[in-house]
Amino acid sequence: MNVFFSVRVNNVPFEMDRSEIATLFSRYGPLRPSRTKDDHNPLMMYIDGQHKGYAFIDFARPEDAAKVIGEKIEIWCHGRLLKIGRHDTMEPHLMYENE
């Protein structure tokens, strides 16, 4: 059984894509690897081909997610300050190997 913690990122510039966000946040710790072709990390919601301005990032280690949130790290991209916070109550997502 693996445990992952998600971080929510708001105010994501529309110019950014998944790979740019993944590169940006992987500096703070390893991200959970995708398990299937439809499993995306980071997760971004799209409507008509355009993401909605927020993302969820799953870190592999809970201490890395807590560090990003707790240290109130300021990240600027494309002239916008990313707003980083807990995803819900920061409860771990329990992922079983056979999922």
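As a starting point, this report considers the structure included with it. Throughout this document, residue positions are counted from 1 along each chain, in the order its sequence is written. Two thresholds apply to this predicted model, a pLDDT of at least 70 for residue-level local features and 80 or more for giving and counting side-chain atom pairs, whereas whole-chain, interface and lining totals are computed over all residues. Only hydrogens and water are set aside when side-chain values are computed; all heavy atoms of the structure are taken into account.

## So, the pairing of strand E5 (residues 80-86)
Turning to step 1, where the next piece is worked out: At least two DSSP bridges between two strands are needed for those strands to be called paired. We count a stretch as a helix when DSSP gives it H or I for four or more residues in a row; a strand needs E for two or more, and each element gets its number in order from the N terminus. Sheet topology note: the strand E4 (residues 75-77)/E5 ladder contains three bridges and is antiparallel. Following the sheet pairing, Trp-76 is matched in E5 by Leu-81.
Turning to step 2, where the next piece is worked out: Taking the residues between adjacent antiparallel strands as the criterion, E4 and E5 are bridged by two residues, where His-78 takes a positive phi near 50 degrees.

## Focus on the packing of aromatic side chains
Turning to step 1, where the next piece is worked out: Each aromatic pair joins two rings of Phe, Tyr and Trp (for Trp, the six-membered one) with centres within 6.5 Å, and gets the label stacked for planes under 30 degrees apart, edge-to-face for over 60, and tilted for any other angle. In the structure shown here, the tally under the stated rule is two aromatic pairs.
Turning to step 2, where the next piece is worked out: Both rings, one in Tyr-54 and one in Phe-56, keep their centres 5.7 Å apart while their planes meet at 80 degrees; by these two values the pair is edge-to-face.
Turning to step 3, where the next piece is worked out: Lying across the ring of Tyr-54, Arg-8 places its NZ or CZ 4.3 Å from the centre. Criterion for a charge above a ring: Arg CZ or Lys NZ at most 6 Å from the ring centre, at most 35 degrees from the ring normal.

## Some points on the environment of Ser-19
Turning to step 1, where the next piece is worked out: Topologically, Ser-19 is positioned in helix H1 (residues 18-25).
Turning to step 2, where the next piece is worked out: When the C-alpha atoms of Ser-19 and Pro-42 are compared, they prove to be 8.2 Å apart, with 23 residues separating the residues in sequence.
Turning to step 3, where the next piece is worked out: Only 3.0 Å separates the side chain of Ser-19 from the side chain of Asp-17, close enough to count as a polar contact. Distance and chemistry together define a polar contact, namely a pair of N or O atoms within 3.5 Å, with one atom able to donate a hydrogen and the other to accept it when in protein, and with adjacent residues in sequence counting only for side-chain atoms on both sides.

## Some thoughts on unusual backbone geometry
Turning to step 1, where the next piece is worked out: Of note, the phi angle at Asn-11 is positive, near 65 degrees, even though the residue is not glycine.
Turning to step 2, where the next piece is worked out: Along the chain, Asn-11 falls in the loop between strand E1 (2-10) and H1.
Turning to step 3, where the next piece is worked out: With a phi close to 50 degrees, His-78 is a non-glycine residue in the positive phi region.
Turning to step 4, where the next piece is worked out: Mapped onto the fold, His-78 is located in the loop between E4 and E5.

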